[in-house]
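Coordinates in review
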Amino acid sequence: ATQDLLFWDAQSGGYYSTPDPASPDADPSIRIRIKDDYDGAEPTASSVSAANLLRLADLLPVRHPQPAEAETAVSYDGAAAAATAPLSYEEAAVRTLSAFLGRLTQAPLAVPALCCAAHTFSKKPLRQ
């Protein structure tokens, strides 16, 4: 829930590596938001998040909003709405994978952790 509020890219899916500059958790010295598409020594935020969301989707098919989300739920279309339920874990994972579809198909060796998440999605149900 907090991860979505701080890092989710509502416009194109996926997760930024830094929080929204407008949030109180943002570091004022960081002036740009990066959404990496290369898993180097550390996997990207989107790669880790996609894998975690797929695991959560397997464990908890229905995503219940947390108390803090009831006040400001993320609608995933760029707007915050009090009555909008958050995307299911699987839907958020699919939007994340879709955001990097070009990179996955053109240069899969650049995003091995995201490839693992895509494999997990394609081979469900998968018990871990």
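Since the model is a prediction, treat every value here as computed from it, not as a measurement.

Criteria and thresholds
The residue numbering used here restarts from 1 in each chain and proceeds along that chain's sequence as written. With pLDDT at 70 or above as the cut-off, local features in this predicted model cover only qualifying residues; side-chain atom pairs require 80 or more to be listed or tallied, and sums for whole chains, interfaces and linings still use all residues. Hydrogen atoms and water are omitted, and side-chain values are computed over all heavy atoms in the structure. Comment: elements are numbered from the N terminus, with helices defined as DSSP H or I runs of at least four residues and strands as E runs of at least two. Only protein chains enter the accessibility calculation, which uses a 1.4 Å probe; a residue whose area is less than 20% of its type maximum is buried, one above 50% is exposed, and one in between is partly exposed. Areas reported as accessible are Shrake-Rupley estimates using a 1.4 Å probe. Residue values count occlusion only from the protein chains shown. Only heavy atoms matter for contacts: two residues are in contact if any of them lie within 4.5 Å across the pair. Between the N-to-C directions of two axes lies an angle of 0 to 180 degrees, each axis being a line fitted to C-alpha atoms and, for a helix, fitted only over the stretch in contact. These descriptions rest on fixed angle ranges, namely under 35 degrees for roughly parallel, over 145 for roughly antiparallel, 65 to 115 for roughly perpendicular, and the rest for oblique. Crossing handedness follows the turn of the near helix against the far one: under a right angle anticlockwise gives a left-handed crossing, and clockwise gives a right-handed one. Ten residue types, Ala, Val, Leu, Ile, Met, Phe, Trp, Tyr, Cys and Pro, are classed as nonpolar, four, Asp, Glu, Lys and Arg, as charged, and the remainder, Gly among them, as polar. Salt bridge, as used here, is a side-chain nitrogen of Lys or Arg placed within 4 Å of a carboxyl oxygen of Asp or Glu. Stacked, edge-to-face and tilted are the three classes for Phe, Tyr and Trp ring pairs, Trp counted by its six-membered ring, which pair at centre distances within 6.5 Å; planes under 30 degrees apart are stacked, over 60 edge-to-face, the rest tilted. Charge-over-ring placement is defined geometrically: NZ (Lys) or CZ (Arg) within 6 Å of the ring centre, and within 35 degrees of the ring normal.

A short note on the overall build of the chain
A count of helices and strands for the chain gives six helices and two strands. Taken from the N to the C terminus, the helices and strands of the chain come in the order α-α-α-β-β-α-α-α. Across the 128 residues of the chain, 34% fall into the buried class. Here the chain displays about 7800 Å² of accessible surface, and carbon together with sulfur accounts for 58% of that area.

Thoughts on the environment of Ala 50
Tracing the sequence through the fold places Ala 50 in helix 2 (residues 45-59). Spatially, the C-alpha atom of Ala 50 lies 9.2 Å from that of Ala 113, the residues being 63 residues apart in sequence. What Ala 50 contacts, discounting residues up to four positions off in sequence, is Ala 93, Thr 96, Leu 97, Leu 114 and Ala 117.

As for the packing of helix 4 (residues 89-99) against helix 6 (residues 112-122)
Close contact between helix 4 and helix 6 brings their axes to 11 Å; oriented N to C, the two are set at 130°. Considered as vectors, helix 4 and helix 6 are oriented oblique to each other. Viewed along their axes, helix 4 and helix 6 form a crossing whose handedness is left-handed. Contacts between helix 4 and helix 6 involve Glu 90, Val 94 and Leu 97 on the former and, on the latter, Leu 114, Ala 117, Ala 118 and Phe 121. Taken together, the residues of the contact of helix 4 with helix 6 break down into six nonpolar, no polar and one charged.

Digging into the pattern of salt bridges
This structure, assessed with the given rule, holds two salt bridges. Its salt-bridge partner being Asp 9, residue Lys 35 comes within 2.5 Å of it at the nearest N-O pair. One end of the pair, Lys 35, is in the loop between helix 1 (2-7) and helix 2; the other, Asp 9, is in the loop between helix 1 and helix 2, with 26 residues separating them in the sequence. Relative accessible area serves as the criterion here: at 7%, Asp 9 is assigned to the buried category. A salt bridge links Asp 37 to Arg 103; the shortest N-O distance between them is 3.5 Å. Taken together, the residues Asp 37 in the loop between helix 1 and helix 2 and Arg 103 in helix 5 (residues 101-106) connect sequence positions 66 residues apart.

Focus on the packing of aromatic side chains
Evaluated as defined, the whole model comprises one aromatic pair. In this arrangement the basic side chain of Lys 35 is found over the ring face of Tyr 16, its NZ or CZ atom lying 5.8 Å from the centre.

Quick notes on the side chain of Thr 18
Relative to the assigned elements, Thr 18 resides in the loop between helix 1 and helix 2. What Thr 18 contacts, discounting residues up to four positions off in sequence, is Leu 6, Phe 7, Ile 30, Ile 32, Arg 33 and Ile 34.

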